[in-house]
Amino acid sequence: MKRILSFLFAFFAAAMVCGGEKTTTLLVEYAAASDAQGAQMETLELPPGKTLAVASRWDDTNGDHYFMTEALAENGWKGTFYLNRVDDHYRDKVVKFMVENGCSVGSHTNNHPWLGSLVPNAVWQEIAENRVSLEAALDLPVSTFTFPFSLPGTLNDPDFEQKIGQMLVRAGINGLAEPPKVQERAKLDPKECVTCWLFRADDANPQLEVFNRTFDQGVQELEAGNLGAMGPFFVLGVHSWQKKSGPDGFQRLSKILATKAHDPAIWYCNVDEYCAWRHNFLNAQISRKSTGKKTVEFTIKRATPASVGACVPCGLKITPAPKSVSVKGRPLDVNPDGSFLLPAKNDLPVKIGLMTAENGFTSEKFPGLTIQTGVDLEKNVLHCEVSAENGKPENLVCTVRLPLRWKNGVQVKPVRLDANGKTTFDLPLGELDEDPVNACDALYVVNQCDFRLNGEPMRVYSTVTLDQPEIQQAVPRTTAMTVGVCNEKFFDAEKLAASSRPSAELQDLGDEEFTNWVPCDRSGKILPYVMECHIEWSGGMAVYAVQFEADAQNAADCMFKVTDPYNMKNVFLNGEPVEVHHHGITLKAQPGVNRLIYVLKGAGYGIRKSEISIKKEDGEMVKFVPFAE
Ligand SMILES: [Zn+2]
């Protein structure tokens, strides 16, 4: 063991660390000079001998992930568990067990919202803060993500999916355990962010037939060349709901997993491991120079484990197969076909702290260390003050991660501390994106600080949340009225039609409190075109009223849509009922102010959200008008 350790030490001392990347030089020897002249080195898509990578994905902070981990481990499978918030008990009882069995943790947002209802700054905070708080709570890297519900499109912003893709990359996410179409819709660069073939066994009622059928579909897609963007990567998912089918649900799943266990051609990995491997496969840079008649020197530059979130070796192949490959005189094990593994030095942070204004920018994990981050919005500058009393952080690199309010999403700054362990710096944040939607809701800014302390890799997140003045726009969020959630017994088509005349008073539908018309929630966290009913009452219908303006030229047809068209019950415009179509409703608008009332049925308890889109023929949004106070 000691010999192996000293070997590894010598090996890694040879590599040069440089801003999230590592450069290694390999000396390759041949028996014949002609072989050396033609020698080439390439990265491998999978470890030598493997034809497929198989992982699994399990969502939400669920105590039954413990049993899922057991079922996976029994069969040599691994998985990544996509969590929301976690407490210490969950960390100690469940996450510890996952990690002991080779599994990893991914991000699934703080609060599991339907992201399509939120403004970009709120989406950003759900994604970025979840990664930060999971890493700090668990002392584990979190670098892959799954969507709560799924990737949301919105009616009013055709670029919303792409914006979410940008936010994921800005937050430091390099993989999604999501199907191929998500990559296209979010316009993710396959070199930056990996997706997968997602297959299933039916979470609530595990069945071998479903497992085999969805796996085999993936094999067909792979053979047809349709999975080029993510490579040969299959992920089973998505919920630990197996007990819904009976107390033996996890045993049934385990038996299904056993049918594809211990296959020598499969690499059983977690999602983070595959994404880190794939990153090297696609992005590692190789250069070559001849150093003698029978020797060639290859240099490879690849990402460090800390920068990609998992510690995996890099798979390489040299053709023709050489006599030997060595790094600083130390030989590597090379297969007869010239393939081999180049190990990575594990520089994943051993401790991860979170410093915010609430804890005075300190952390119990790092006594004596303060990293204070602030943003001056007027000067458009980030200000950082570092002070270390016991033990000086070395190789400190600050990675600033920003919401879409700024055009440049990630800035990296190496920082040097003075002899007293202190430094301050200002970082200009660059050009702002002036889209008014980015001026809605608070700005969450992450300063990710990676450093070494007593030789060990560490990470501290210093974060700040900045309020923005709410902008005034005439949009449904700020102008609509609602009587929802309303009991169906108070539904009265005549009253609603009468109330939809622009000059009429909005008539109450019943005598109970929740049937009174009230302004929609004005939260800056929801999209301008999303209306929210906050009435905590179960069942019934949600009734909304909005007003919009049409000029004489554009008074003809407007297209009206909501996110959940199949729940549309009734629509009234300017005193008359309108025919309901699920794929969009044509409104015959009149010049001047128009009043629209619509009723959605089947409202769940608690918060009801509906996204409204009313466009003129050219696709331009109509101008919304507030109700008179
Ligand atoms: Zn979920």
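Every chain's residues receive numbers from 1 upward, in the order its sequence appears when written. Only residues with pLDDT of at least 70 are given local features in this predicted model, and only at 80 or more are side-chain atom pairs given and counted; all residues enter the totals for whole chains, interfaces and linings.

**Notes on the overall build of the protein chain**
Per the convention used, a helix needs a DSSP run of H or I reaching at least four residues, while a strand needs a run of E reaching at least two, with both numbered from the N terminus. Assigned secondary structure in the protein chain consists of 13 helices and 36 strands. Both definitions apply: the radius of gyration is a C-alpha atom measure, and the globule rule equals 2.2 Å times residues to the power 0.38. The C-alpha radius of gyration of the protein chain comes to 28 Å, within 12% of the 25 Å expected for a compact globule of 629 residues. When its C-alpha atoms are laid out on the principal axes, the protein chain stretches across 95 × 65 × 50 Å. Think of it as a crowd count around each C-beta: if 20 or more other C-beta atoms lie within 10 Å the residue is buried, if 12 or fewer it is exposed, and in between it is partly exposed, with C-beta placed from the backbone throughout. Evaluated residue by residue, the protein chain yields a buried proportion of 43% over its 629 residues. Placing C-beta atoms from the backbone, we regard two residues as in contact once those atoms come within 7 Å. Long-range pairs, those at least 24 residues apart, make up 75% of the contacts in the protein chain between residues at least 6 apart in sequence.

**What to know about the nonpolar core**
Core analysis: the biggest nonpolar cluster contains 164 residues, and Ala53, Val235, Tyr274 and Leu587 have the highest contact counts within it. It is helix 5 (residues 120-138) that contributes the most residues to this core, nine residues altogether. Each nonpolar core comprises buried Ala, Val, Leu, Ile, Met, Phe, Trp, Tyr and Cys residues, the members being joined through C-beta atoms within 7 Å.

**Some remarks on the packing of helix 3 (residues 65-74) against helix 4 (residues 88-100)**
For the pair helix 3 and helix 4, the least separation of the axes is 9 Å and the interaxial angle reads 20 degrees. As summarised for this structure, helix 3 and helix 4 are arranged roughly parallel, according to the angle between their axes. Our pair here, helix 3 against helix 4, has a crossing hand that is left-handed. Only Val94, Phe97 and Met98 of helix 4 make contact with helix 3, whose side of the interface consists of His65, Tyr66 and Thr69. Side-chain classes are defined by residue name, with Ala, Val, Leu, Ile, Met, Phe, Trp, Tyr, Cys and Pro counting as nonpolar, Asp, Glu, Lys and Arg as charged, and the others, Gly among them, as polar. Each residue belonging to the contact of helix 3 with helix 4 can be placed in one class, and the counts come to four nonpolar, two polar and no charged. Throughout, an axis means a line fitted to C-alpha atoms (over the contacting stretch in the case of helices), and angles, computed between N-to-C directions, take values from 0 to 180 degrees. When an angle is under 35 degrees it counts as roughly parallel; over 145 it counts as roughly antiparallel; between 65 and 115 it counts as roughly perpendicular; any other value is oblique. Handedness of each helix crossing follows the sense of rotation of the near helix against the far helix: counterclockwise by less than a right angle gives left-handed, clockwise gives right-handed.

**Observations concerning the confidence of the model for the protein chain**
pLDDT measures the predictor's confidence residue by residue and takes values from 0 up to 100. Overall, the predicted model of the protein chain reaches an average pLDDT of 91, with 94% of residues at or above 70. Per-residue pLDDT stays below 50 along residues 1-18; that stretch engages in 17 contacts with residues further than four places along the chain or on separate chains.

**Quick notes on helix 8 (residues 208-223)**
In a helix, the anticipated span is given by 1.5 Å times the number of residues less one. Between its terminal C-alpha atoms helix 8 stretches 22 Å, which fits the 22 Å expected from 16 residues at 1.5 Å a residue. Gly225 lies just past helix 8 and shows a positive phi near 80 degrees.

**Overview of the pairing of strand 10 (residues 233-237)**
The element strand 10 is extensively covered by neighbouring structure, given that five of its five residues are classed as buried. Neither face of strand 10 is exposed, since Phe233, Val235 and Gly237 on one face and Phe234 and Leu236 on the opposite face are all buried. Two strands form a pair only when DSSP identifies at least two bridges running between them. Of the strand pairs in this sheet, strand 4 (residues 52-59) and strand 10 are connected by four bridges, and their pairing is parallel. Note on strand 10: the bridge partner recorded for Ser56 is Leu236. Examined bridge by bridge, strand 9 (residues 197-200) and strand 10 share four bridges and lie parallel to one another.

**Quick word on the domain arrangement of the protein chain**
Domains assigned within the protein chain are domain 1 (2-47 + 278-342), domain 2 (52-264), domain 3 (351-466) and domain 4 (476-625). Segment limits for the domains were obtained from an automatic or database-derived domain assignment. Look at where the C-alpha atoms of domain 2 and domain 3 centre, and you get two points 29 Å apart. With 19 residues of domain 2 at the interface, the matching set in domain 3 holds 21 residues. The set of elements that each furnish at least two residues to the side of domain 2 that touches domain 3 consists of helix 5 and helix 6 (160-170). Residue contributions to the side of domain 2 that touches domain 3 peak at eleven residues, all from helix 5. Across the side of domain 2 that touches domain 3, the residue classes tally to nine nonpolar, five polar and five charged.

**Focus: the sheet that holds strand 18 (residues 351-355)**
Spatial ordering of the open sheet is given by 18-25-24-21-22, a layout of five strands whose pairing is mixed. Two strands lie at the open edges of the sheet, namely strand 18 and strand 22 (410-415), each paired on one side alone. Geometrically, the sheet is characterised by an average inter-axis angle of 20 degrees between neighbouring strands, direction not taken into account. The pairing of strand 21 (residues 394-401) with strand 24 (residues 443-453) spans six bridges and is classified as antiparallel. Pairing of Cys398 across the sheet is with Cys449, part of strand 24. Packing against the sheet, helix 5 makes contact with strand 18, strand 21, strand 24 and strand 25 (456-466), and its axis sits at approximately 25 degrees to strand 24.

**Re the sheet that holds strand 17 (residues 339-342)**
Whether parallel or antiparallel, the strands of a sheet pair through hydrogen bonds between backbone atoms. Read from one edge to the other, the open sheet built from three strands follows the order 3-14-17, with strand pairing classed as antiparallel. Of all strands in the sheet, those bounded by a partner on one side alone are strand 3 (40-43) and strand 17. When strand polarity is set aside, the average angle formed by the axes of neighbouring strands in this sheet is 30 degrees. Across four bridges, the pairing between strand 14 (residues 314-319) and strand 17 is antiparallel. By the bridge assignment, Cys314 is partnered in strand 17 with Leu342.

**Topic: the environment of Glu385**
Tracing the chain through its elements places Glu385 in strand 20 (residues 381-388). Since 15 C-beta atoms lie within 10 Å of it, Glu385 is described here as partly exposed. Linking Glu385 and Gly165, residues 220 residues apart in sequence, is a C-alpha distance of 31 Å. When neighbours within four sequence positions are excluded, Glu385 is seen to be in contact with Gln372 and Thr424.

**Section: the environment of Gly510**
Note that Gly510 resides in the loop between helix 13 (493-499) and strand 27 (518-519). A tally of 16 C-beta atoms within 10 Å means that Gly510 is categorised as partly exposed. Separated by 20 residues in the primary sequence, Gly510 and Phe490 place their C-alpha atoms 5.7 Å from one another. Here Gly510 is in contact with Phe490 and Thr515, once residues within four sequence places are set aside.

**Some details on the pairing of strand 29 (residues 541-550)**
Buried residues dominate strand 29, accounting for nine of its ten residues. Relative to strand 29, strand 26 (residues 481-482) runs antiparallel, the two being bridged by two bridges. Looking at strand 29, one finds that Thr482 is bridged to Tyr544. Where strand 29 lies against strand 34 (residues 592-601), ten bridges are found, and the strand directions are antiparallel. Across the sheet, residue Phe548 finds its bridge partner in strand 34, namely Asn594. As paired elements, strand 29 and strand 36 (residues 623-625) share three bridges and run antiparallel to each other.

**Section: the packing of helix 5 against helix 6**
Where helix 5 contacts helix 6, the axes come no closer than 10 Å and their chain directions differ by 40 degrees. Crossing angle aside, the handedness with which helix 5 passes helix 6 is right-handed. For the pair formed by helix 5 and helix 6, the contact residues are Pro120, Val123, Trp124 and Ile127 on the first element and Lys163, Ile164, Met167 and Leu168 on the second.

**A few points about the environment of Asp139**
In this fold, Asp139 is placed in the loop between helix 5 and strand 7 (144-145). Taking the C-beta count within 10 Å as the criterion, Asp139 has 18 such neighbours and is therefore assigned partly exposed. For the pair Asp139 and Asn62, spaced 77 residues apart in sequence, the C-alpha separation works out to 19 Å. In this structure, Asp139 is in contact with Lys351 and Ile352, ignoring residues within four places of it in sequence.

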